Amino acid sequence: MDWNPKRVRALAFDVDGTLFSSEGIILETYAEAIRRFSVNSQIPLEVPDRERIMLEIGKPVKTIFLNLVPQLKESERDQISDSVLELLVSKIRQGEGEFYPKVKETVTSLKNKGYQILAASNGRMPYVKTILEVSGILPLFDPIVVLDNETIKTKPDIVAKYIRDYSYSPEEILMIGDRSSDHEAARKNGSPFAFCAYGHAPEGEIPDWEVSLAQLEDLDRIF
């Protein structure tokens, strides 16, 4: 698309793979949650390997668990999902997981330059808020919209809500992320896309972008 960085007024950040990486704690967390469910339910389940789990990261939560344990009922998948959420939040508060370099400095600088800072994550609210709080940037985000599985079912819906609620034109919101859901959120809304090349996307997943970021702080040099 033909875009002008000077038109951008708001920055919509994906979270996992953009500001923070759960890669180092994700396998043990899923394994623990699945084992916990298996013990309580007496339903034997195989723990997916790290590669299979990482392929799902970035998708809506219900989609992730439908893909990983399709043999279970939705209510059973939700039990595992709730357990994963609880464990991840606890681990992040204990300092586990990895924040990418210069997250606080970069987002703070962009906020000080006058950009509205938005979150566009498929993660659940406690997960998103915990990451932003622990990194010290939660007060910079206003508001935080997450999937509610009713009116907001996909990441494109999140970006569309921001465009609608703040009367932005599509080219005034830059979607920043690392996975196909982030690319889709930008393209379906006609918004520019900043690809976080340092994130979780396997090679070839993202077909095009307006700007590629080798590191998050590159944003501060562009805007």
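Rules used in this analysis
- Along each chain, residue indices are assigned from 1 in the same order as the chain's sequence is written.
- Per-residue local features of the predicted model are confined to residues with pLDDT of at least 70, and side-chain atom pairs are confined, for both listing and counting, to 80 or more; whole-chain, interface and lining totals are unaffected and use all residues.
- By convention in this description, side-chain values take in all heavy atoms of the structure and omit both hydrogens and water.
- Interaxial angles span 0 to 180 degrees and are taken between N-to-C directions of axes, which are lines fitted to C-alpha atoms, for helices over the stretch in contact.
- By definition, any uninterrupted DSSP run of H or I lasting at least four residues is a helix, any uninterrupted run of E lasting at least two residues is a strand, and each is numbered from the N terminus.
- For classification purposes, an angle smaller than 35 degrees is called roughly parallel, one larger than 145 roughly antiparallel, one from 65 to 115 roughly perpendicular, and anything else oblique.
- A clockwise turn of the near helix away from the far one marks a right-handed crossing, whereas an anticlockwise turn of less than a right angle marks a left-handed crossing.
- Should any heavy atoms of two residues lie within 4.5 Å, those residues are counted as being in contact.
- Three classes are used, and their members are as follows: Ala, Val, Leu, Ile, Met, Phe, Trp, Tyr, Cys and Pro are nonpolar, Asp, Glu, Lys and Arg are charged, and the others, Gly among them, are polar.
- For this analysis, a nonpolar core means a set of buried residues of the types Ala, Val, Leu, Ile, Met, Phe, Trp, Tyr and Cys, connected via side-chain atoms within 4.5 Å.
- The classification of residues rests on relative accessible area computed with a 1.4 Å probe and restricted to protein chains. Under 20% of the type maximum is buried, over 50% is exposed, and intermediate values are partly exposed.
- Paired strands are those between which DSSP finds at least two bridges.
- Points on a 1 Å grid, built from protein atoms alone, make a cavity when a 1.4 Å probe fits but cannot get out and make a pocket when they are open with protein on both sides within 12 Å along at least 5 of 7 lines; residues with an atom within 4 Å of a point are the lining residues.
- Grid points are joined across faces, edges and corners, and a volume is the space filled by probe spheres set on the points.
- Per the annotation, domain bounds derive from an automatic or database assignment of domains.
- The buried area of a pairing is the accessible area, by a 1.4 Å probe, that goes missing from both parts when the two are put together, added over both.
- Note on definitions: salt bridges are taken to be side-chain nitrogens of Lys or Arg within 4 Å of carboxyl oxygens of Asp or Glu.
- In protein, a polar contact means a hydrogen-donor-capable atom and an acceptor-capable atom, both N or O and within 3.5 Å, with residues adjacent in sequence counting only if both atoms are side-chain atoms; elsewhere, any N or O pair within 3.5 Å suffices.

As for the packing of helix H3 (residues 61-68) against helix H4 (residues 74-93)
The geometry of a pair of packed helices is captured by two quantities: the angle between their axes and the separation between those axes. With their axes 10 Å apart at the nearest point, H3 and H4 run at an angle of 115 degrees to one another. Relative to H4, the element H3 is oriented roughly perpendicular. Every pair of crossing elements has a handedness; the one defined by H3 and H4 is right-handed. The residues of H4 that touch H3, namely those facing Val-61, Lys-62, Phe-65 and Leu-66, are Glu-74, Arg-77, Asp-78, Ile-80, Ser-81 and Val-84. Taken together, the residues of the contact of H3 with H4 sort by class into five nonpolar, one polar and four charged.

Digging into the nonpolar core
Counting 55 residues, the largest nonpolar core has Phe-13, Ile-80 and Phe-141 as its most contacted members. In this structure, Ile-80 is in contact with Ala-33, Ile-34, Phe-37, Leu-45, Phe-65, Val-69 and Leu-72, ignoring residues within four places of it in sequence. Residues Leu-147, Ile-158, Tyr-162 and Met-175 belong to the second largest nonpolar core, which totals 19 residues.

Concerning the sheet that holds strand E7 (residues 193-196)
Across the sheet, six strands lie side by side as E5-E4-E1-E6-E7-E8; this open sheet has parallel pairing. Unpaired on one side and paired on the other, strand E5 (141-145) and strand E8 (211-213) mark the two borders of the sheet. Adjacent strand axes in the sheet meet at a mean angle of 25 degrees, parallel and antiparallel pairs treated alike. For strand E1 (residues 10-13) and strand E6 (residues 173-177), the ladder comprises four bridges, and the chain directions are parallel. Across the sheet, the residue bridging to Ala-12 is Met-175, located in E6.

Comments concerning the layout of surface pockets
By volume, the largest pocket amounts to about 260 Å³. Considering the residues around the largest pocket, the lining is formed by 17 residues, among which Val-61, Lys-62, Ser-81, Arg-124 and Asn-149 are closest to the centre. Taken together, the elements giving at least two residues each to the lining of the largest pocket come down to H3 and H4. Its residues assigned to classes, the lining of the largest pocket shows seven nonpolar, four polar and six charged. Viewed by domain, the lining of the largest pocket spans two of them, domain 1 (5-19 + 100-221) and domain 2 (22-94), each represented by three or more residues.

Some details on empty space enclosed by the protein
In the structure shown here, the tally under the stated rule is one cavity of 30 Å³ or more. Size it by volume and the largest cavity reaches roughly 270 Å³. Taken together, 21 residues make up the lining of the largest cavity; nearest its centre are Tyr-30, Val-61, Ile-64, Gly-123 and Tyr-127. Breaking the lining of the largest cavity down by element, the ones donating at least two residues are helix H1 (23-41), H3 and H4. Take the lining of the largest cavity: its biggest share by element is four residues, from H4. Of the residues in the lining of the largest cavity, the class split is ten nonpolar, six polar and five charged. If you count residues domain by domain, the lining of the largest cavity takes at least three from each of domain 1 (5-19 + 100-221) and domain 2 (22-94).

Observations regarding the domain arrangement of the chain
When cut into domains, the chain gives domain 1 (5-19 + 100-221) and domain 2 (22-94). The interface of domain 1 with domain 2 comprises 16 residues on the first partner and 17 residues on the second. Note on domain 1 versus domain 2: buried area summed over both sides is about 1,500 Å², and carbon and sulfur give 59% of it. The interface formed by domain 1 and domain 2 holds two salt bridges in total. Between Asp-82 and Arg-124 there is a salt bridge whose closest N-O contact spans 2.6 Å. Joining domain 1 to domain 2, the criterion identifies seven residue pairs in polar contact (both at pLDDT 80 or more). Here the side of domain 1 that touches domain 2 is composed, by residue class, of six nonpolar, five polar and five charged.

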